[in-house]
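Each chain, written out:
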Amino acid sequence: PLILPGGANITAAAGDSMKVRGDGSGNARVVSYTKASGMALAATSPALVYLGSVTASASATVALTSLISSTYDDYIVMFDKVIPATSSQQLCLRVSEDNGSTWRSTSGDYAHATQAVQYSSYQATAISTTDTSIFLENGFAVNTSTESGINGSLWLFALNNTAGKKAMQGSLSIGPNLKIDFPATLTRSEAVNALQFRFASGNITSGVFRMYGIAKA
């Protein structure tokens, strides 16, 4: 068989050239392909597509708006050194169905559970089904003195779906000693098109929130 760069088919044209190398197992691998036109081969779509980011600076909230569309079903938000202005705070998430004009904040809109593991092998869980936000740490607060703040990721599934609840899954590290994993659910059926992050009290001193779309198969 002939193995092509990126695994995608190539439409050859007069004057194109390529280098092929046998791998000793009966395969012929195209190691380079040059089009006569000078144009590059069309690249395959990456699994993760960067959509945008917000850098907090003494911010009351961070909103990721105008990034969710029908192009992607699922998304990832990455947290990079998110630090609160006030100690013993939890990072919260609310969603919007009108691109940030209003934020969903009714008791029972969110359900979430948390499992925390510390370096000393201490483990604990917390569950809530009546909060007005998703508390990403759910009882395991972060302090202003935490060396590296909150780092981690939040996966959000089927945000455009209007036929059911929205599932989420997150994993966070807080400083050098605390690891948190949590599943969460938005209990509403409306499509989500914006996300808002805030601490339960006080501003977000610093940190970067990056959003990616997961390419459809």
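Here the structure is shown first, and the text comes after it.
This write-up is about the structure you can find in this document. Along each chain, residue indices are assigned from 1 in the same order as the chain's sequence is written. pLDDT decides what is reported in this predicted model: residues at 70 or higher carry local features, side-chain atom pairs at 80 or more are listed and counted, and totals for whole chains, interfaces and linings draw on all residues regardless. As a convention, hydrogens and water are excluded, and side-chain values are obtained from all of the structure's heavy atoms.

## Section: a nonpolar patch on the surface
To keep it simple, the criterion reads: Note that patches include only residues with greater than 30% relative accessible area and no salt bridge, and the join distances are 9 Å for like charges and 5 Å for nonpolar side chains (Val, Leu, Ile, Met, Phe, Trp, Tyr). Values of accessible area rely on a 1.4 Å probe in the Shrake-Rupley scheme; residue burial ignores everything except the protein chains shown. Here, a salt bridge means any side-chain nitrogen of Lys or Arg that lies within 4 Å of a carboxyl oxygen of Asp or Glu. Secondary structure counts use DSSP, requiring at least four H or I residues in a row for a helix and at least two E residues in a row for a strand, with both numbered from the N terminus. Using a 1.4 Å probe on the protein chains alone, a residue whose accessible area is under 20% of its type maximum counts as buried, one over 50% counts as exposed, and one in between counts as partly exposed.
Residues Leu2, Met18 and Val20 make up a contiguous nonpolar surface patch of about 270 Å² in total accessible area. For Leu2, the position within the fold is in strand β1 (residues 2–3). Residue classification places Leu2 among the partly exposed residues on the basis of a relative accessible area of 49%.

## Some thoughts on the packing of aromatic side chains
In this description, an aromatic ring pair is defined by two values, namely the gap between the centres and the angle between the planes. Stated formally: Two aromatic rings, drawn from Phe, Tyr or Trp (for Trp, its six-membered ring), form a pair once their centres lie within 6.5 Å of each other, and the interplanar angle then sorts them: stacked below 30 degrees, edge-to-face above 60, tilted otherwise.
Under the criterion given, the structure shown has six aromatic pairs. Taken together, the aromatic side chains of Phe79, Phe197 and Phe209 make up a single cluster linked through ring pairs.

## Overview of the environment of Gln118
Rules: Whether two residues are in contact is decided by their heavy atoms, any of which lying within 4.5 Å being enough.
As for its placement among the helices and strands, Gln118 is situated in strand β8 (residues 110–118). Sequence separation of Gln118 and Asn177 is 59 residues, and the distance between their C-alpha atoms is 5.4 Å. Apart from the residues lying within four places of it in its own chain, the contact partners of Gln118 are Asn177 and Leu178.

## Regarding the side chain of Asp131
For clarity, the threshold we go by: As used throughout, the charge tally considers Lys and Arg to be positive and Asp and Glu to be negative, leaving His and the chain termini uncounted. Polar contacts here mean pairs of N or O atoms no more than 3.5 Å apart (in protein, one a potential hydrogen donor and the other a potential acceptor; neighbouring residues in sequence count only if both atoms are side-chain atoms).
Tracing the sequence through the fold places Asp131 in the loop between β9 (123–128) and β10 (134–135). One buried charged side chain, Asp131, makes no salt bridge at all; its nearest oppositely charged neighbour is Arg198, positioned 9.0 Å away. Here the side chain of Asp131 touches His112 through a polar contact of 3.0 Å, side chain to side chain. At 2.8 Å, the side chain of Asp131 and the side chain of Ser128 are in polar contact.

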